[in-house]
Amino acid sequence: MSKKLIHKPELYPLKFKPILKKKIWGGQHLNYKDKSVSEDTKIGESWEISGVEGSVSVVDGGALEGQSLNTVLANYKEELVGQSVYKRFGNEFPLLIKFIDAKENLSVQLHPDDKIAKTKHNCMGKTEMWYVMNAEKDGFIIADFDRPMNKNDYLKAVKNKSIKDVLNHINVTSGDVFFIAPGLIHAIGSGVLLAEIQQTSDITYRIYDWNRVDEQGKFRTLHQQEALDAIDFTSKDPSVNYNKTTNSLNKVVYNPHFKTDYLHVNGEFDLDLYSPESFCILINVGVDAEIVFENRVFSIAQQETYLIPATISRLKLKANSSDFLVVHI
């Protein structure tokens, strides 16, 4: 008896329902993404595309409405993510896309690399980049130490509770980009709204949390020993310089885990994609715009994200002066 063929709808640009995360340091700039969230709730993160266990994205709209990212990936495999990506990662979606709203300082932290994460947590490490969408006048990030440091210096600062006095503060403005490698001490400062592109990992080693307490009056857990094993004491400048040529893909951050281009669209732009080897992610970090695919129009509003399947080789973007991050592997 032959197996019954299961009909699979043709793939199309996929938008997902945002997963909003309450954070002790969060603001209200992302609350509009979920009408069930009250205006005064402290939302720190909107997970736009996620395959992280317990926080898996669900398709919003179209023939695949209501299906999880993991289900779509399992059903479509390389048709969704591309031949080389599927060969490398299988049914695990390799990237996590977020918007982050820091009303207050995030904890000072770092992330492990692939080797440490695999050994200790059986997961990917966490390489990431930030694109600043908006920053208040005194908005800043923390990246690295403000002086040469080694293991002994670090341990002394921990013992003396003077970590905050040796951190490197960088003032930021809209359009700034930073590459946050594993092992780099970092934090997002108050008054910063940014897009984050990272490996699929939720492993964070927190080393300092500004002596604040949570809603239960408790200090959040620090991970000093884990951090000590993962810190890279080699000084690095995380700032990324890039071109902003209109209607052209401008290289921003390329590394083995993801490749990101900046695209400013004014009018119409025919986007040739990277298929069949990789999917593409479009992150709108500008104003409302449109995606045109096979005579269908998909609105991509400000602070919205689309996953473009690897089977799609070309589409058109229409915008009255908007900015996008174009991501692939």
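For the structure, check the block above.
Residues numbered from 1 in each chain as written. Predicted model: local features only at pLDDT ≥ 70, side-chain atom pairs only at ≥ 80, totals over all residues. Heavy atoms only, no water.

Participant: Pulling in residues and values, what's your account of the packing of aromatic side chains?
Facilitator: Considering all chains together, one arrives at eight aromatic pairs under this definition. With a centroid separation of 5.1 Å and an interplanar angle of 70°, the aromatic rings of Tyr 208 and Trp 210 are classed as edge-to-face. Note on Tyr 208: relative accessible area 11%, which makes it buried. Taking the centre distance of 6.3 Å and the plane angle of 75° together, the rings of Phe 298 and Tyr 306 count as edge-to-face. Comparing Phe 298 with Tyr 306 shows no difference in burial state: the two are buried. Connected via pairs of aromatic rings, a cluster forms that spans Tyr 12, Phe 298 and Tyr 306. Note that Lys 21 overlies the ring of Trp 47, its terminal NZ or CZ placed 4.3 Å from the centroid. The ring of Tyr 254 carries Lys 251 above its face, with NZ or CZ at 4.9 Å from the centroid. (Phe/Tyr/Trp six-rings, centres within 6.5 Å; stacked < 30°, edge-to-face > 60°. Buried < 20%, exposed > 50% of the residue type's maximum accessible area, 1.4 Å probe, protein only. Lys NZ or Arg CZ within 6 Å of the ring centre and 35° of its normal.)

Participant: Describe the environment of Ile 24, listing the residues and the values that go with them.
Facilitator: Here Ile 24 is to be found in strand β2 (residues 19-27). A C-alpha to C-alpha distance of 9.3 Å links Ile 24 and Lys 103, two positions 79 residues apart in sequence. With sequence-adjacent residues up to four places away left out, Ile 24 is seen in contact with Lys 42, Glu 104, Arg 212, Val 213, Asp 214 and Arg 220. (Helix = DSSP H or I, 4+ residues; strand = E, 2+ residues; numbered from the N terminus. Contact = heavy atoms within 4.5 Å.)

Participant: Give me the lowdown on the nonpolar core, citing residues and values where you can.
Facilitator: Core analysis: the biggest nonpolar cluster contains 65 residues, and Leu 80, Phe 93, Ile 281, Leu 282 and Leu 307 have the highest contact counts within it. Setting aside chain neighbours within four positions, we find Phe 93 in contact with Ile 49, Leu 69, Leu 73, Val 81, Thr 200, Phe 279, Ile 281 and Leu 307. In terms of nonpolar packing, the next biggest core, distinct from the first, is built from 22 residues, Leu 110, Met 149, Ile 163 and Ala 230 among them. (Core = buried A, V, L, I, M, F, W, Y, C linked by side-chain atoms within 4.5 Å.)

Participant: I'd like a rundown of helix α1 (residues 69-76), residues and numbers included.
Facilitator: All of the buried residues in α1 are Leu 69, Val 72, Leu 73 and Tyr 76. Burial along α1 is one-sided: seen end-on, the buried residues are contained in an arc of 100°. Two residues or fewer after α1 comes Lys 77, characterised by a positive phi angle close to 50°. (Arc of directions from axis to C-beta.)

Participant: Give me the lowdown on the pattern of salt bridges, citing residues and values where you can.
Facilitator: The full count for this structure, using the stated rule, is 17 salt bridges. With its nearest N and O atoms 3.6 Å apart, the salt bridge here joins Lys 17 to Glu 65. Of the two residues, Lys 17 sits in the loop between β1 (14-15) and β2 while Glu 65 sits in the loop between β5 (55-56) and α1, which places them 48 residues apart along the sequence. You can call Glu 65 partly exposed: its relative accessible area is 40%. A salt bridge links Lys 98 to Glu 196, with the shortest nitrogen-to-oxygen separation between them at 3.7 Å. Residue Lys 98 is located in strand β6 (residues 95-102), and its partner Glu 196 is located in strand β13 (residues 192-199); the two are separated by 98 residues in the primary sequence. Each member of the pair, Lys 98 together with Glu 196, is buried. Overlapping salt bridges bring together Glu 104, Asp 209, Arg 212 and Arg 220 as one network. (Salt bridge = Lys/Arg side-chain N within 4 Å of Asp/Glu carboxyl O.)

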